[in-house]
Amino acid sequence: SAERRVRTGELDTNREFEATRLEFLQEHNPDLIRMSPGLNVNEITLNTTVAPFDDVRVRQAMSMTIDRQFIADQVLAGADAPVWRVVPDAITGTDASVGMHFAGEQMEMRRQQARALLEEAGYGPDNPLTFSLYFHRGGGWPRIVPVIQADWALIAPWVQVELLGRDTQLHYDALRAGDYQAGSGGWIPDFDDPYAYLLQWETRAADMNYTRWQNPQYDAWVDAAVNSSDPATRELLYGRAEQLVIDEVAMIPIFRINTKNLVGPRVTGWIANPVAINRSRWLCVDGAAD
């Protein structure tokens, strides 16, 4: 309804629009679209203290077999973007060399590697890999999790995942309590620094760390970065810490939510940006009274 009112000129701006409407808007009203790479990273959170995700090989296999590009292009209609790291590039002080080692490999090769990892971990026809994936009903997850389930099923017929939906509040209560195996999640930073993401896996993060993953080396690198005043040193140490999270798959980042706004032709001064904030004092409306 709000989208229609912007298109007809009743509204000058509207924050957010449905991802599934992007193709229509690009065809009919491309001049209204204001998009920017966002900072909200959506993920599959893994409880690393319980089977099967207490085994890093299982976590690695599950991460590499998710077709992030398909999810972004087809399920999310190209409005959001796949991610291959934890901290988005738009955050100041990120190390550009950090990322998932399999990002450029073909899906079939990734599935073969994943199957080998799972077999090495002891899974197979006589010991199938079974677990539950909980998801909350917002953020497009009801459309996304069946695709992830199908991706995992392509590894081998003995990989069997049950999908269970629940209300958002109950879902996050369970994540905080560690009462789950795998679950949908997301993270929005409070400030422009890699630490705004990396703080959640520190040992001292307690129940804010839904994954329960801990690593003394990670703590040391993050602590040293926080206490350094040299930007190059901070970037290096944060990069090492982030790469460790990715390699040990403390969680599985899937996609980044882009900022999506509609801005009418009368509005000037609007700048698309990762936090989707445009202060009204910098905006003008052509034809409005002074």
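Since the model is a prediction, treat every value here as computed from it, not as a measurement.

Rules used throughout
Residues numbered from 1 in each chain as written. Predicted model: local features only at pLDDT ≥ 70, side-chain atom pairs only at ≥ 80, totals over all residues. Heavy atoms only, no water. Buried < 20%, exposed > 50% of the residue type's maximum accessible area, 1.4 Å probe, protein only. Helix = DSSP H or I, 4+ residues; strand = E, 2+ residues; numbered from the N terminus. Pairing = 2+ DSSP bridges. Right-handed = clockwise from strand over helix to strand, strands pointing away. Contact = heavy atoms within 4.5 Å. Arc of directions from axis to C-beta. Expected span 1.5 Å × (residues − 1). Phe/Tyr/Trp six-rings, centres within 6.5 Å; stacked < 30°, edge-to-face > 60°.

A. Looking closely at the pairing of strand 4 (residues 129-136). Where burial is concerned, most of strand 4 is hidden: 6 out of the 8 residues are buried. Bridge count between strand 4 and strand 5 (residues 159-166): 8 bridges; the pairing is parallel. Residue Tyr-134 lies in a different strand from strand 5, and its bridge partner there is Leu-164. After leaving strand 4, the chain enters helix 6 (residues 141-153) and then returns to the sheet as strand 5, a path that is right-handed. Pairing of strand 4 with strand 6 (residues 182-187), which is carried by 2 bridges, proceeds in the parallel orientation. The residue bridging Tyr-134 from the neighbouring strand is Gly-183, located in strand 6.

B. Spatial organisation of the environment of Gly-264. Within the secondary structure layout, Gly-264 lies in the loop between strand 7 (251-263) and strand 8 (267-268). For Gly-264 and Asp-12, which are 252 residues apart along the polypeptide, the C-alpha to C-alpha distance reads 4.7 Å. Sequence-distant contacts of Gly-264, defined by excluding residues within four places in its chain, comprise Val-6, Asp-12 and Leu-32.

C. Summary view of helix 7 (residues 168-177). Among the residues making up helix 7, those that are buried are His-171, Tyr-172, Ala-174 and Leu-175. One side of helix 7 carries all its buried residues, which in axial view fall inside an arc of 155°. Those residues of helix 7 that are exposed and aimed more than 90 degrees away from the buried face are Gln-169, Leu-170 and Ala-177. Of the surrounding elements, those touching the buried residues of helix 7 are strand 4, strand 5 and strand 6.

D. Structural view of helix 5 (residues 107-120). Helix length check: helix 5, at 14 residues, gives a terminal C-alpha distance of 20 Å against a target of 20 Å (1.5 Å per residue), a fit within 8%. All buried positions along helix 5 are accounted for by Met-107, Arg-110, Arg-111, Ala-114, Leu-117 and Leu-118. Relative to the axis of helix 5, the buried residues are bounded by an arc of 125° and lie together on one face. Opposite the packed face of helix 5, turned more than 90 degrees from it, sit the exposed residues Gln-112 and Glu-120. Lining the buried residues of helix 5 we find helix 3 (56-64), helix 4 (68-75), strand 4 and strand 5.

E. Region of interest: the packing of aromatic side chains. Enumeration over the complete set of coordinates arrives at 5 aromatic pairs. Relative to Phe-131, the ring of Phe-53 has its centre 4.9 Å away and its plane inclined at 75°; by these criteria the two rings are edge-to-face. In this pair, Phe-53 sits in the loop between strand 2 (33-46) and helix 3 while Phe-131 sits in strand 4, placing the two residues 78 residues apart along the sequence. Relative accessible area serves as the criterion here: at 0%, Phe-53 is assigned to the buried category. Relative to Tyr-210, the ring of Tyr-172 has its centre 6.1 Å away and its plane inclined at 55°; by these criteria the two rings are tilted.

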